[in-house]
Amino acid sequence: MAGPELFDNPITARYCVGIDLGTTNCAVAYVDTQANVRRLTQYLVPQLVDLGTIERRTTLPSFLYQFSEESSASTVGQKSAEGMRYCVGYGARSLGSVTANRLIESAKSWLCHGGIDRTAKILPWHAASDVMQLSPVDACSKYLLHLRESWDADFPDSPLAQQDVVITLPASFDEVARELTIQAAKLAGLERILLIEEPQAAFYSWLADREATWSDQIRPGQTILVCDIGGGTTDFTLIRVRGIHAAAEESSAEQETPKGIQSYGLHRVAVGEHLLLGGDNLDAAIAAEIERSQEAQGSQEFSAEVWQSVRGKCRQAKEALLNDNAEDQYQIYVAGKGRSLVKQGSQFVVSKQTVEEVVLDGFLPIVDLKSWPIQTESGFREFGLPYAKDPAITKHLAKFLWQHRFDGREATDEKRNSDLLAARPDWILFNGGVTTSSLIRNRIVDQIERWFGGEHEAYRCQILESQSLDLAVSRGAAYFALVRRNEGLEIAEGVRIDARLARSYFLMIQTLPPLVMCVMAASSQTLQHHVFESQPFEVQIGRPVQFPLYYSSTRLNEAAGEIVALDLEAMLPLPLLQTVLQGTRRGRAASVSAVLESQLSEIGTLQLYLQQQANSASEISDSNSAQRWKLEFDLRSTVETERVAHVAIAEQEGFLPVDLIRRASDVIREAFSPNAGPIPSSKNLFRRLVEVIDLPRDQWPVSLLRELWQVVNEVPAGERSSVEAESRWLNLQGYFLRPGFGFSADDWRVGHTWRSVGGKLRHFGNVSEAIILWRRVSGGFAAGQQQALLQEHTTQLNRILAGNISGVTLGYASELIRLGGSLEHLPLATKRTLMSSMVAALGNAKLVKLEDAVLWAVGRIGARQPVYGPLNLVLQPDIIIPVLDRLRKLDASRPSVRLAIVQLSRMTGDRYRDIPTTIRATLVEHLKKHQASQRQIEQIQTVTEMDSIESSEIMGDSIPLGLQLQRIS
């Protein structure tokens, strides 16, 4: 994975700059290396704080507000290259509290959202009609751009892009989110950056304030917990204190330990899992409590627009009421918008007691040390973001401390210390805006002491005091830049944390049984390099090479090269590693033997390469030198709307024996052989395959289906030239490749099918089979391919929906309608038009026999939860409500009517997608009268996951064994 060009000669830069790119606030600190006394200085960021007023502040709130063209303020603020007039910072936050649908917030949280295209222009989420939306990456880049331009104006001789710049990010950010952060920096004109984790930066800030005395306070053998609860994420980090000299390592607590900076070592040994859980969740929970109290008084639930305004105001209420000197209550006022709860505006009163109960009981409950997070769905899904399923931060902390109790310790510690003693932290350093409240800090300390007191009654969890929780991360980042640039020099200064990787990476090398090889150990350091000569790969030239990759924050003891069983509970999937190997002689097919190499880059990202072994070089190369290919993470599924993320679930179902696959392949080849007689019917052909494979069709793993697709794909054109042969060939292609995604290299297979079938049918009578094929694999098509496919058939589809079905068979018409409904990557405008045509066709007497197909398409086009498409292409509720009114007039005892109603009204927990509660309640009563199942009722009333039966109904085909459709997110 590509990173920015790192500092080739950092000494030439005058300033060491740290940038805290926060979910709620950004901050900048720096060190002037040419000053007589090098000290950390906070940069005061100029920004619009009110219309016509620019002031300097220590933080830049991470908010972006876009002015309307009619606004009298259209001459203020910044102007983007696209002509958008906007402002960021305090002014944006203030203006957005009045007009929420023009405000972008929590953009950093969207960088971690796997259910959307993070480079698509989707923010603000469901914006005003005249707002120019931005991608999460663009929004983050706008904050960095403002900081860069402000800095450059203040320091014209030392542009920010030429300084040593360190940008912070959550410790739990994965490779994708890190890469997107780098992209945001590049868009802002910052090409030369380093990344550092926020908890580390917070601890560096503490060290900077006590550079000469810190070792007087903490001792070897002790553990420091960094608890970082910010606006969007919660991060836990463990740092062990070790004695560098043997004497210090062997000394007991009673012995005198050598003092001084060089006597101790600070080792970051563990980081927690990614938790999208922070101040935003607290705000949403307080807003939900206000909404409940209003509903108890007879008011309706808040509209999405009112909710957004109330939630924004709750941020202010939370900060005010959790303050040590807080009043007993706080008043929230929401301006009226004509469609708001009250046109003249609404006023709500929030009590200090309510906020404390919501925060402490909901997010920081007192729990047992073994009470770990539950995995059921929570209600916190505002703005479409998939927040942590269990909001109890104390449960996540309990799991973290227990799972990492022996990480980074000496082998003898497991014999010397009990589990409880090993898990106990000696110090805690708080960071993040949420922990500015002493109420929250005290609750966390109290919880830790309850866990680890008991038999050790003298135990106290001591606090490392930070000068400023809001500014610590930027200060620590600047200090890290200074320490790093002077490392190894005679003038070296400062204290360096030995920050190992703290997560392990595993590559799947065998599927039956699933085995993975550790390619980068958790103990790895920056620029660590491995060559795995004992595990060579045979790879094909000119074909995509893809490898499932996993990471774990809990399996930390495996060494690089060690092979272990795949542990799905502890190992989480990453985007595929892939490349296309090209030899010097292009087009010449060959396989080569290659070994894998891994390296940890200086910005903390994993890089892998395939190095061709010398004994196979002559097979493909005109030169004597072996070739080397870089494996890139398949980021397309995370930054392109039309790509479906592949997480290697299907591979985990295993592969069938090679000889069995060969016999099944022979059945297919014989069926198309010109000497075999008439082509058997699909039914008879599948019966033969079932006999050979000795498994029912619904138990065939995806690996087998894709192997058989390859066989069908290679049938010579001459052997599929008859009407019957072509029909079977198309049918088998669709069956073996459905649903077009879910297995390694499926995008390549679907693309190949697109090229080999599109426009190349020999018999017009097989058009219906081709349409079925396209519907079955539509999930693997890119957005452009789906639009081209619809455009090709639009005229015919519109003619059918208008009731003109002369000259076409009902089968063809039905499949064409279903194809239109299965294209989830279509733009919203196209979906609205298609939905309108489908709804208009309902009730047309000429289309009675096609109504089930139309209802199926209506359900897919307007589904609240797409099967594979991104959430930003879900039709808005105000478009769906009139459609539901139309469906209620149909006979709901028909399964097709009920299925459509459920898809259009399904509850997701995201109020920007969900139909209003009152309408859903009416639909529930309606369906109860018409034989609806309890499962269908639950899908409208609560957040549920798709099961295999439901997904098959929605897809129109059974889903292959081992595949999962997109989860509720």
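Criteria and cut-off values
By convention here, each chain's residues receive numbers from 1 onward along its written sequence. In keeping with the predicted nature of the model, local features appear solely for residues at pLDDT of at least 70, side-chain atom pairs appear and are counted solely at 80 or more, and the whole-chain, interface and lining totals rest on all residues. Excluding hydrogens and water, the side-chain values take into account all heavy atoms of the structure. Helix and strand assignments come from DSSP, with helices taken as H or I runs of at least 4 residues and strands as E runs of at least 2, each series counted from the N terminus. Between buried and exposed lies partly exposed: a residue is buried under 20% and exposed over 50% of the maximum accessible area for its type, with that area taken using a 1.4 Å probe on protein chains only. The Shrake-Rupley method, run with a 1.4 Å probe, gives the accessible areas here. Residue values count only the displayed protein chains as cover. Note on terminology: disulfide denotes any pair of cysteine sulfur atoms within 2.5 Å. The rule for pairing is simple: two strands pair if DSSP sees at least two bridges between them. Between N-to-C directions, angles span 0 to 180 degrees; the directions come from axes that are lines fitted to C-alpha atoms, helices contributing only their stretch in contact. If an angle is under 35 degrees, it is roughly parallel; if it is over 145, roughly antiparallel; if it lies from 65 to 115, roughly perpendicular; otherwise it is oblique. Crossing handedness: left-handed means the near helix sits turned counterclockwise from the far one by under a right angle, and right-handed means the same turn made clockwise. We call two residues in contact when some of their heavy atoms are within 4.5 Å. The classification used treats Ala, Val, Leu, Ile, Met, Phe, Trp, Tyr, Cys and Pro as nonpolar, Asp, Glu, Lys and Arg as charged, and all other residues, Gly among them, as polar. Take the buried residues of types Ala, Val, Leu, Ile, Met, Phe, Trp, Tyr and Cys, join any two whose side-chain atoms come within 4.5 Å, and each joined set is a nonpolar core. Pairs were defined over the aromatic rings of Phe, Tyr and Trp, the Trp ring being its six-membered one, requiring ring centres within 6.5 Å. Orientation was assigned from the angle between planes: stacked under 30 degrees, edge-to-face over 60, tilted for the rest. Think of it as a cone above the ring: NZ of Lys or CZ of Arg counts as a charge over the ring if it is within 6 Å of the ring centre and within 35 degrees of the ring normal. Polar contact is the term for a pair of N or O atoms within 3.5 Å; when the atoms are in protein, one must be able to donate a hydrogen and the other to accept it, and sequence-neighboring residues count only if both atoms are side-chain atoms.

(A) Region of the structure containing the overall build of the protein chain. Secondary structure assignment for the protein chain yields 32 helices and 29 strands. The 969 residues of the protein chain split such that 59% are buried. Just so you have it, the protein chain exposes about 38,400 Å², and 47% of that area is on carbon and sulfur atoms.

(B) Up close: the state of the cysteines. Throughout the structure, instances matching the rule amount to 0 disulfides. Here Cys-26 stays unpaired: no disulfide links it, and the sulfur of Cys-140, its closest cysteine neighbor, is 8.0 Å away. The buried category is assigned to Cys-26, whose relative accessible area is 1%.

(C) Inspection of the sheet that holds strand 7 (residues 63-66) at higher detail. Read from one edge of the open sheet, 4 strands run 8-9-7-10, paired in antiparallel fashion. The open sheet has two edge strands, strand 8 (78-79) and strand 10 (103-105), and neither has a second partner. Across 3 bridges, the pairing between strand 7 and strand 10 is antiparallel. Paired with Tyr-65 across the bridge in strand 10 is Leu-103.

(D) Examining helix 27 (residues 851-861) more closely. Burial analysis of helix 27 places 10 of its 11 residues in the buried class, the great majority of the element. Turning to helix 27, its buried residues number three or more, namely Glu-851, Ala-853, Val-854, Leu-855, Trp-856, Ala-857, Val-858, Gly-859, Arg-860 and Ile-861.

(E) Spotlight on the packing of helix 11 (residues 393-403) against helix 14 (residues 438-452). For the pair helix 11 and helix 14, the least separation of the axes is 11 Å and the interaxial angle reads 45°. One way to sum up the angle between helix 11 and helix 14 is to call them oblique. Helix-helix and strand crossings are classified by hand; for helix 11 and helix 14 the assignment is right-handed. Each of Thr-394, Leu-397, Ala-398 and Leu-401 in helix 11 lies in contact with helix 14, whose residues at this interface are Ile-444, Gln-447, Ile-448, Trp-451 and Phe-452. Among the residues forming the contact of helix 11 with helix 14, the class breakdown is 7 nonpolar, 2 polar and no charged.

(F) A look at the pairing of strand 17 (residues 346-351). Every second residue of strand 17 is oriented toward a common face, the buried set being Ser-346, Phe-348 and Val-350 and the non-buried set Gln-347, Val-349 and Ser-351. Where strand 16 (residues 329-334) meets strand 17, 6 bridges bridge the pair, whose relative direction is antiparallel. Residue pairing for strand 17: Gln-331 is matched across the bridge by Val-349.

(G) Region of interest: the packing of helix 21 (residues 723-737) against helix 22 (residues 746-757). Contact geometry for helix 21 and helix 22: axes closest at 12 Å, N-to-C directions at 165°. Here helix 21 lies roughly antiparallel to helix 22, going by the angle between them. Where helix 21 crosses over helix 22, the two elements pack in a sense that is left-handed. Between helix 21 and helix 22, the residues in contact are Trp-729, Leu-730, Gln-733 and Leu-737 and Asp-746, Arg-749, Val-750, Thr-753, Ser-756 and Val-757, respectively.

(H) Representation of the nonpolar core. Ile-19, Ile-444 and Ile-448 are the most contacted members of the largest nonpolar core, which totals 104 residues. When residues in this core are grouped by element, the largest group, 8 residues, is from helix 3 (residues 136-154). Discounting residues that sit within four places of it in the chain, Ile-448 has contacts with Leu-225, Leu-397, Pro-425, Ile-428, Tyr-459 and Cys-461. Of all hydrophobic cores here, the second largest spans 82 residues; its members include Leu-737, Leu-823, Val-839 and Leu-890.

(I) Region of the structure containing the packing of aromatic side chains. Summed over all chains, the structure comprises 25 aromatic pairs. Aromatic pair Tyr-15 and Trp-151: ring centres 5.3 Å apart, planes at 90°, arrangement edge-to-face. Of this pair, Tyr-15 sits in strand 1 (residues 15-21) while Trp-151 is found in helix 3, placing the two residues 136 residues apart along the sequence. Since its relative accessible area comes to 5%, Tyr-15 is described here as buried. Aromatic side chains Tyr-65 and Phe-67 sit 5.5 Å apart centroid to centroid with 75° between the ring planes, which places their arrangement in the edge-to-face category. The burial state of Tyr-65 is the same as that of Phe-67; both residues are buried. Taken together, the aromatic side chains of Tyr-15, Tyr-30, Tyr-43, Trp-151 and Phe-155 make up a single cluster linked through ring pairs. Positioned above the aromatic ring of Tyr-90 is the side chain of Arg-57, whose terminal nitrogen or guanidinium carbon lies 4.7 Å from the ring centre. Directly above the ring of Tyr-735 sits Arg-738, whose terminal nitrogen or CZ lies 4.1 Å from the centroid.

(J) The arrangement of unusual backbone geometry in detail. The omega torsion of the bond from Leu-123 to Pro-124 falls at 0°, within 30 degrees of zero and hence cis. Of note, the amide linkage connecting Arg-738 to Pro-739 takes the cis form, showing an omega dihedral of -5°. Of note, Pro-739 is situated in the loop between helix 21 and helix 22. Even without a glycine there, the phi angle at Gln-931 is positive, about 65°. Within the secondary structure, Gln-931 sits in the loop between helix 30 (917-928) and helix 31 (934-941).

(K) Geometry of the side chain of Arg-728. Residue placement: Arg-728 occurs in helix 21. In contact with Arg-728, other than residues within four places in its own chain, are Phe-672, Ile-679, Pro-680, Ser-681 and Ser-682.

(L) Looking closely at the side chain of Gln-66. Relative to the elements of secondary structure, Gln-66 occurs in strand 7. From its side chain, Gln-66 meets the backbone nitrogen of Met-132 in a polar contact 2.9 Å long. Apart from residues no more than four positions distant in its own chain, Gln-66 is found in contact with Met-84, Arg-85, Tyr-86, Arg-102, Asp-130, Val-131 and Met-132.

Geometry only, nothing functional implied.
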